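Reading the structure
Here is what each chain is made of, one letter per residue.
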Amino acid sequence: MIAAAPGITAEALEVGSASGADAAPALEDFLPALDALDHATRLALFEAGVEVLECRRVLVRVGLNVVGEILRGQDGFVEMAHYPPDDVFDADSHAQYYYHAHRGAAEHGHFHTFLRAGGMPDGVAPVQAEAASESWPEGDEAISHLIAVSMDAWGEPIGLFACNRWVTGETWYAAEDVIRMLSRFEIDHAWPSWPVNRWLGAMLRLYRPWIEGLLRHRDAVVGAWQRTHPGVDVFEDRALEITGYLPVSVPALMTALEASLGGVRLDEQGTPDRSDQ
(Lines give C-alpha, C1' and ligand atoms only; values in the text may rest on other atoms or scores of the structure.)
Protein backbone atom coordinates (compact mmCIF):
# COMPACT_ATOMS: atom_id res chain seq x y z
CA MET A 1 0.00 0.00 0.00
CA ILE A 2 1.40 3.34 -1.01
CA ALA A 3 0.00 5.21 1.96
CA ALA A 4 1.64 2.81 4.39
CA ALA A 5 5.15 3.57 3.18
CA PRO A 6 5.94 7.27 3.80
CA GLY A 7 7.37 9.16 0.84
CA ILE A 8 6.13 6.79 -1.88
CA THR A 9 3.85 8.15 -4.60
CA ALA A 10 2.17 6.54 -7.56
CA GLU A 11 4.20 8.73 -9.91
CA ALA A 12 7.41 7.66 -8.19
CA LEU A 13 6.57 4.02 -8.69
CA GLU A 14 6.38 4.60 -12.43
CA VAL A 15 9.84 6.16 -12.33
CA GLY A 16 11.02 3.29 -10.15
CA SER A 17 10.39 0.70 -12.86
CA ALA A 18 13.20 0.15 -15.34
CA SER A 19 12.21 2.00 -18.51
CA GLY A 20 12.18 -0.11 -21.62
CA ALA A 21 11.63 -3.46 -19.89
CA ASP A 22 8.47 -5.39 -20.77
CA ALA A 23 6.32 -6.01 -17.70
CA ALA A 24 9.02 -4.74 -15.38
CA PRO A 25 8.43 -5.83 -11.78
CA ALA A 26 6.62 -3.17 -9.75
CA LEU A 27 8.69 -1.68 -6.96
CA GLU A 28 5.66 -1.41 -4.66
CA ASP A 29 5.38 -5.19 -4.61
CA PHE A 30 8.73 -5.40 -2.82
CA LEU A 31 8.26 -2.65 -0.22
CA PRO A 32 6.93 -3.37 3.28
CA ALA A 33 4.12 -1.41 4.85
CA LEU A 34 5.19 0.33 8.02
CA ASP A 35 2.44 -1.26 10.07
CA ALA A 36 3.59 -4.70 8.95
CA LEU A 37 6.91 -4.25 10.76
CA ASP A 38 7.08 -5.53 14.33
CA HIS A 39 7.49 -3.20 17.29
CA ALA A 40 11.18 -3.99 17.83
CA THR A 41 11.98 -3.21 14.19
CA ARG A 42 10.04 0.06 14.23
CA LEU A 43 11.77 1.10 17.45
CA ALA A 44 15.20 0.34 15.93
CA LEU A 45 14.27 2.41 12.88
CA PHE A 46 13.17 5.29 15.09
CA GLU A 47 16.44 5.19 17.03
CA ALA A 48 18.37 5.30 13.75
CA GLY A 49 16.25 8.26 12.68
CA VAL A 50 17.10 10.03 15.92
CA GLU A 51 20.77 9.78 14.96
CA VAL A 52 20.03 11.05 11.44
CA LEU A 53 18.27 14.08 12.90
CA GLU A 54 20.96 14.66 15.51
CA CYS A 55 23.70 14.70 12.87
CA ARG A 56 21.65 17.15 10.84
CA ARG A 57 21.03 19.31 13.92
CA VAL A 58 24.69 19.81 14.79
CA LEU A 59 25.44 20.81 11.19
CA VAL A 60 22.49 23.18 10.86
CA ARG A 61 23.46 24.95 14.08
CA VAL A 62 26.53 26.35 12.31
CA GLY A 63 24.94 26.83 8.90
CA LEU A 64 26.22 23.58 7.38
CA ASN A 65 24.64 20.54 5.75
CA VAL A 66 25.65 17.03 4.74
CA VAL A 67 26.45 17.84 1.11
CA GLY A 68 28.30 21.04 1.97
CA GLU A 69 30.52 19.11 4.36
CA ILE A 70 31.56 16.68 1.61
CA LEU A 71 32.24 19.48 -0.88
CA ARG A 72 34.02 21.75 1.61
CA GLY A 73 37.45 22.78 0.33
CA GLN A 74 36.87 21.38 -3.15
CA ASP A 75 37.53 23.44 -6.28
CA GLY A 76 34.09 23.46 -7.84
CA PHE A 77 31.67 20.57 -8.30
CA VAL A 78 32.38 18.60 -11.46
CA GLU A 79 29.91 16.08 -12.82
CA MET A 80 31.03 12.44 -12.41
CA ALA A 81 34.00 13.33 -10.18
CA HIS A 82 34.17 11.61 -6.79
CA TYR A 83 33.95 13.68 -3.63
CA PRO A 84 36.18 13.40 -1.74
CA PRO A 85 38.56 12.51 -4.60
CA ASP A 86 39.83 9.25 -3.06
CA ASP A 87 36.46 8.21 -1.56
CA VAL A 88 35.85 7.63 2.14
CA PHE A 89 37.01 4.25 3.45
CA ASP A 90 37.04 2.60 6.87
CA ALA A 91 39.94 0.13 7.08
CA ASP A 92 38.28 -1.81 9.90
CA SER A 93 34.74 -2.22 8.56
CA HIS A 94 35.78 -2.03 4.87
CA ALA A 95 32.83 0.28 4.24
CA GLN A 96 33.28 2.92 1.54
CA TYR A 97 31.34 5.79 0.02
CA TYR A 98 31.60 8.80 -2.24
CA TYR A 99 29.37 11.61 -3.48
CA HIS A 100 28.95 12.66 -7.09
CA ALA A 101 26.44 13.85 -9.68
CA HIS A 102 25.32 12.79 -13.14
CA ARG A 103 21.51 12.85 -13.08
CA GLY A 104 20.90 16.43 -14.15
CA ALA A 105 18.01 18.34 -12.61
CA ALA A 106 16.63 15.24 -10.85
CA GLU A 107 18.88 15.93 -7.87
CA HIS A 108 21.98 17.81 -6.72
CA GLY A 109 23.95 14.56 -6.43
CA HIS A 110 24.01 11.27 -4.57
CA PHE A 111 26.03 9.12 -2.22
CA HIS A 112 27.08 5.66 -3.40
CA THR A 113 27.69 3.25 -0.50
CA PHE A 114 29.77 0.07 -0.70
CA LEU A 115 31.25 -2.80 1.25
CA ARG A 116 34.60 -4.24 0.19
CA ALA A 117 35.58 -7.91 0.37
CA GLY A 118 37.38 -7.68 3.70
CA GLY A 119 34.19 -6.70 5.51
CA MET A 120 31.78 -9.12 3.88
CA PRO A 121 30.05 -11.85 5.90
CA ASP A 122 31.14 -15.45 5.53
CA GLY A 123 29.41 -17.41 2.82
CA VAL A 124 28.65 -14.64 0.34
CA ALA A 125 29.85 -15.18 -3.22
CA PRO A 126 29.55 -13.22 -6.47
CA VAL A 127 26.88 -14.21 -8.94
CA GLN A 128 28.21 -16.44 -11.70
CA ALA A 129 27.29 -14.48 -14.81
CA GLU A 130 27.20 -16.37 -18.08
CA ALA A 131 29.12 -14.76 -20.93
CA ALA A 132 30.02 -11.62 -18.98
CA SER A 133 31.46 -9.10 -21.42
CA GLU A 134 33.41 -7.16 -18.77
CA SER A 135 35.60 -8.38 -15.91
CA TRP A 136 34.46 -7.79 -12.32
CA PRO A 137 36.66 -7.00 -9.33
CA GLU A 138 37.70 -10.30 -7.75
CA GLY A 139 39.23 -11.65 -4.54
CA ASP A 140 40.40 -8.96 -2.14
CA GLU A 141 39.34 -6.33 -4.70
CA ALA A 142 35.72 -7.46 -4.75
CA ILE A 143 33.29 -4.67 -3.86
CA SER A 144 29.52 -4.59 -3.55
CA HIS A 145 27.33 -1.54 -4.01
CA LEU A 146 24.76 -1.31 -1.22
CA ILE A 147 22.44 1.60 -2.06
CA ALA A 148 22.59 5.16 -3.33
CA VAL A 149 21.16 8.13 -1.43
CA SER A 150 19.88 10.98 -3.60
CA MET A 151 20.25 14.55 -2.25
CA ASP A 152 18.77 17.94 -3.06
CA ALA A 153 20.60 21.26 -3.32
CA TRP A 154 19.88 22.03 0.36
CA GLY A 155 21.68 18.92 1.57
CA GLU A 156 18.54 16.93 2.36
CA PRO A 157 17.91 13.31 1.30
CA ILE A 158 15.17 12.93 -1.29
CA GLY A 159 15.48 9.35 -2.51
CA LEU A 160 17.12 5.95 -2.45
CA PHE A 161 17.96 3.94 -5.53
CA ALA A 162 19.52 0.69 -6.70
CA CYS A 163 21.39 0.42 -9.97
CA ASN A 164 22.93 -1.91 -12.52
CA ARG A 165 26.49 -3.28 -12.20
CA TRP A 166 28.09 -1.11 -14.87
CA VAL A 167 27.06 2.08 -13.04
CA THR A 168 29.48 1.48 -10.16
CA GLY A 169 31.88 -1.12 -11.60
CA GLU A 170 31.10 -3.43 -8.70
CA THR A 171 31.20 -7.15 -8.19
CA TRP A 172 27.62 -8.40 -8.48
CA TYR A 173 26.15 -10.19 -5.47
CA ALA A 174 22.62 -11.50 -5.16
CA ALA A 175 20.22 -9.29 -3.23
CA GLU A 176 20.07 -11.59 -0.21
CA ASP A 177 23.87 -11.46 0.10
CA VAL A 178 23.88 -7.66 -0.20
CA ILE A 179 21.18 -7.48 2.47
CA ARG A 180 23.50 -9.41 4.79
CA MET A 181 26.15 -6.74 4.16
CA LEU A 182 23.98 -3.75 5.09
CA SER A 183 24.56 -3.94 8.83
CA ARG A 184 28.33 -3.88 8.24
CA PHE A 185 28.32 -0.40 6.72
CA GLU A 186 29.98 1.86 9.27
CA ILE A 187 32.48 4.68 8.86
CA ASP A 188 33.97 4.96 12.34
CA HIS A 189 36.34 7.89 11.95
CA ALA A 190 36.17 11.66 11.58
CA TRP A 191 37.34 12.17 7.97
CA PRO A 192 36.07 14.01 6.01
CA SER A 193 33.26 14.76 8.46
CA TRP A 194 32.23 12.95 11.63
CA PRO A 195 28.52 13.95 11.43
CA VAL A 196 28.29 13.03 7.74
CA ASN A 197 29.84 9.61 8.34
CA ARG A 198 27.43 8.96 11.22
CA TRP A 199 24.49 10.35 9.24
CA LEU A 200 25.04 8.09 6.26
CA GLY A 201 25.31 4.93 8.37
CA ALA A 202 22.16 5.93 10.26
CA MET A 203 20.28 6.53 6.99
CA LEU A 204 20.98 2.95 5.94
CA ARG A 205 19.60 1.75 9.28
CA LEU A 206 16.56 4.03 9.19
CA TYR A 207 15.50 2.82 5.75
CA ARG A 208 16.71 -0.77 6.09
CA PRO A 209 13.37 -2.53 5.29
CA TRP A 210 12.87 -0.42 2.16
CA ILE A 211 16.49 -0.81 1.08
CA GLU A 212 15.98 -4.57 1.29
CA GLY A 213 12.95 -4.14 -0.97
CA LEU A 214 14.91 -2.06 -3.47
CA LEU A 215 17.60 -4.75 -3.63
CA ARG A 216 15.15 -7.61 -4.13
CA HIS A 217 13.37 -5.52 -6.76
CA ARG A 218 16.76 -4.84 -8.39
CA ASP A 219 17.33 -8.56 -8.92
CA ALA A 220 13.79 -9.03 -10.24
CA VAL A 221 14.27 -6.17 -12.72
CA VAL A 222 17.62 -7.55 -13.89
CA GLY A 223 16.08 -11.01 -14.32
CA ALA A 224 13.13 -9.64 -16.29
CA TRP A 225 15.46 -7.54 -18.46
CA GLN A 226 17.62 -10.55 -19.19
CA ARG A 227 14.62 -12.59 -20.31
CA THR A 228 13.40 -9.86 -22.65
CA HIS A 229 16.87 -9.03 -24.03
CA PRO A 230 18.40 -12.40 -24.95
CA GLY A 231 22.00 -12.34 -26.05
CA VAL A 232 22.74 -9.07 -24.21
CA ASP A 233 25.00 -8.84 -21.17
CA VAL A 234 22.41 -7.38 -18.83
CA PHE A 235 25.02 -6.14 -16.36
CA GLU A 236 26.66 -3.94 -19.02
CA ASP A 237 23.53 -2.79 -20.83
CA ARG A 238 23.56 1.03 -20.75
CA ALA A 239 19.82 1.03 -21.36
CA LEU A 240 19.35 -0.36 -17.85
CA GLU A 241 20.83 2.04 -15.31
CA ILE A 242 18.63 2.63 -12.26
CA THR A 243 16.55 -0.41 -11.41
CA GLY A 244 14.37 1.25 -8.78
CA TYR A 245 14.00 4.67 -7.16
CA LEU A 246 12.19 5.39 -3.90
CA PRO A 247 11.44 9.00 -2.85
CA VAL A 248 12.06 9.52 0.87
CA SER A 249 11.29 12.08 3.54
CA VAL A 250 12.99 11.64 6.91
CA PRO A 251 10.50 13.93 8.71
CA ALA A 252 7.54 12.03 7.23
CA LEU A 253 8.95 8.64 8.18
CA MET A 254 9.88 9.78 11.68
CA THR A 255 6.39 11.21 12.21
CA ALA A 256 4.87 7.92 11.06
CA LEU A 257 7.20 5.92 13.32
CA GLU A 258 6.40 8.21 16.23
CA ALA A 259 2.68 7.64 15.72
CA SER A 260 3.08 3.88 15.35
CA LEU A 261 5.16 3.54 18.50
CA GLY A 262 3.03 5.75 20.70
CA GLY A 263 5.52 6.03 23.54
CA VAL A 264 8.10 8.21 21.77
CA ARG A 265 7.80 11.70 20.39
CA LEU A 266 9.75 14.44 18.67
CA ASP A 267 9.90 18.11 19.60
CA GLU A 268 9.11 20.96 17.20
CA GLN A 269 12.63 20.84 15.74
CA GLY A 270 12.24 17.16 14.87
CA THR A 271 14.62 15.93 17.55
CA PRO A 272 13.75 13.57 20.41
CA ASP A 273 11.86 15.19 23.26
CA ARG A 274 13.85 14.34 26.39
CA SER A 275 11.82 16.48 28.78
CA ASP A 276 10.66 13.42 30.73
CA GLN A 277 14.14 11.90 31.00
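Description of the structure in this document. It should be emphasised that the depicted structure is a prediction, and the values quoted were computed from it without experimental measurement.

Once that is clear, we can look at unusual backbone geometry. Following tyrosine 83, the chain continues to proline 84 via a peptide bond in cis, the omega torsion being -5°. Assignment of secondary structure puts proline 84 in strand 1 (residues 83-89). With an omega dihedral of -5°, the bond running from tryptophan 191 to proline 192 counts as a cis peptide bond. Assignment of secondary structure puts proline 192 in the loop between helix 5 (175-181) and helix 6 (194-206). A positive phi angle, close to 80°, is found at methionine 80, a residue other than glycine. Topologically, methionine 80 is positioned in the loop between helix 3 (66-71) and strand 1. Its relative accessible area of 47% is what places methionine 80 among the partly exposed residues. For aspartate 87, which is not glycine, the phi dihedral falls at a positive 65°. Take aspartate 87: it is sitting in strand 1.

Taken in spatial order, the six strands line up as 1-2-3-4-5-6 in an open sheet, and their pairing is antiparallel. Strand pairing shows two members of the sheet lacking a second neighbour, strand 1 and strand 6 (242-247), which therefore form its edges. Each neighbouring strand pair of the sheet contributes to a mean axis angle of 20°, computed without reference to strand direction. Taken strand by strand, helix 7 (residues 208-228) contacts strand 4 (143-151), strand 5 (157-163) and strand 6, and its axis lies near 155° from that of strand 6.

Our next topic: helix 6. Helical geometry note: an α-helix holds 3.6 residues per turn, so side chains three or four residues apart project in the same direction. Across its 13 residues, helix 6 extends 18 Å between first and last C-alpha, which sits within 8% of the 18 Å expected from 1.5 Å per residue. The buried count for helix 6 comes to ten of 13 residues, which makes it a mostly enclosed element. Of the positions making up helix 6, those classed as buried are Pro195, Val196, Asn197, Trp199, Leu200, Gly201, Ala202, Met203, Leu204 and Leu206.

This paragraph deals with the side chain of serine 150. Residue position: serine 150 is located in strand 4. Under the relative-accessibility criterion, serine 150 is labelled buried at 0%. One polar contact links serine 150 to glutamate 107, side chain to side chain, over a distance of 2.3 Å.

What follows deals with the pattern of salt bridges. For side chains bearing opposite charge, pairing can occur when the charged atoms are close. Evaluated as defined, the whole model comprises 13 salt bridges. Three or more residues are tied together by salt bridges with common partners; here these are Glu51, Glu186, Arg198 and Arg205.

Let's shift gears to the pairing of strand 1. Relative to strand 2 (residues 95-100), strand 1 is paired through three bridges, and the arrangement is antiparallel. Looking across to strand 2, one finds that phenylalanine 89 is bridged to glutamine 96. The turn joining strand 1 and strand 2, which pair antiparallel and follow one another in sequence, is formed by five residues; a positive phi near 70° is taken by histidine 94.

Our focus in this paragraph is the environment of alanine 95. Following the sequence through the fold, alanine 95 ends up in strand 2. Of the residues examined, alanine 95 reaches a relative accessible area of 0% and is grouped as buried. For the pair alanine 95 and methionine 120, spaced 25 residues apart in sequence, the C-alpha to C-alpha distance is 9.5 Å. Not counting residues within four places of it along the chain, the set of residues in contact with alanine 95 comprises Val88, Phe89, Asp90, Phe114, Leu115, Arg184, Phe185, Glu186 and Ile187.

This paragraph deals with the packing of helix 6 against helix 7. For the pair helix 6 and helix 7, the least separation of the axes is 5 Å and the interaxial angle reads 75°. Classified by the angle between their axes, helix 6 and helix 7 sit roughly perpendicular to one another. Residue-level contacts link Leu204, Arg205 and Leu206 of helix 6 to Arg208, Pro209, Trp210 and Ile211 of helix 7.

Attention now goes to the nonpolar core. With 59 residues, the main nonpolar core has Tyr97, Phe111, Trp199, Leu206, Tyr207 and Trp210 as its most contacted residues. Of the residues forming this core, the biggest block, eight residues, is contributed by helix 2 (residues 39-60). With eight residues, the next largest nonpolar core counts Val221, Val222, Trp225 and Leu240 among its residues.

Conventions and cut-offs
- Residues numbered from 1 in each chain as written.
- Predicted model: local features only at pLDDT ≥ 70, side-chain atom pairs only at ≥ 80, totals over all residues.
- Heavy atoms only, no water.
- Helix = DSSP H or I, 4+ residues; strand = E, 2+ residues; numbered from the N terminus.
- Buried < 20%, exposed > 50% of the residue type's maximum accessible area, 1.4 Å probe, protein only.
- Pairing = 2+ DSSP bridges.
- Axes fitted to C-alpha atoms, helices over the stretch in contact; angles between N-to-C directions.
- Contact = heavy atoms within 4.5 Å.
- Expected span 1.5 Å × (residues − 1).
- Polar contact = N/O pair within 3.5 Å; in protein donor to acceptor, adjacent residues only side chain to side chain.
- Salt bridge = Lys/Arg side-chain N within 4 Å of Asp/Glu carboxyl O.
- Parallel < 35°, antiparallel > 145°, perpendicular 65-115°, else oblique.
- Core = buried A, V, L, I, M, F, W, Y, C linked by side-chain atoms within 4.5 Å.

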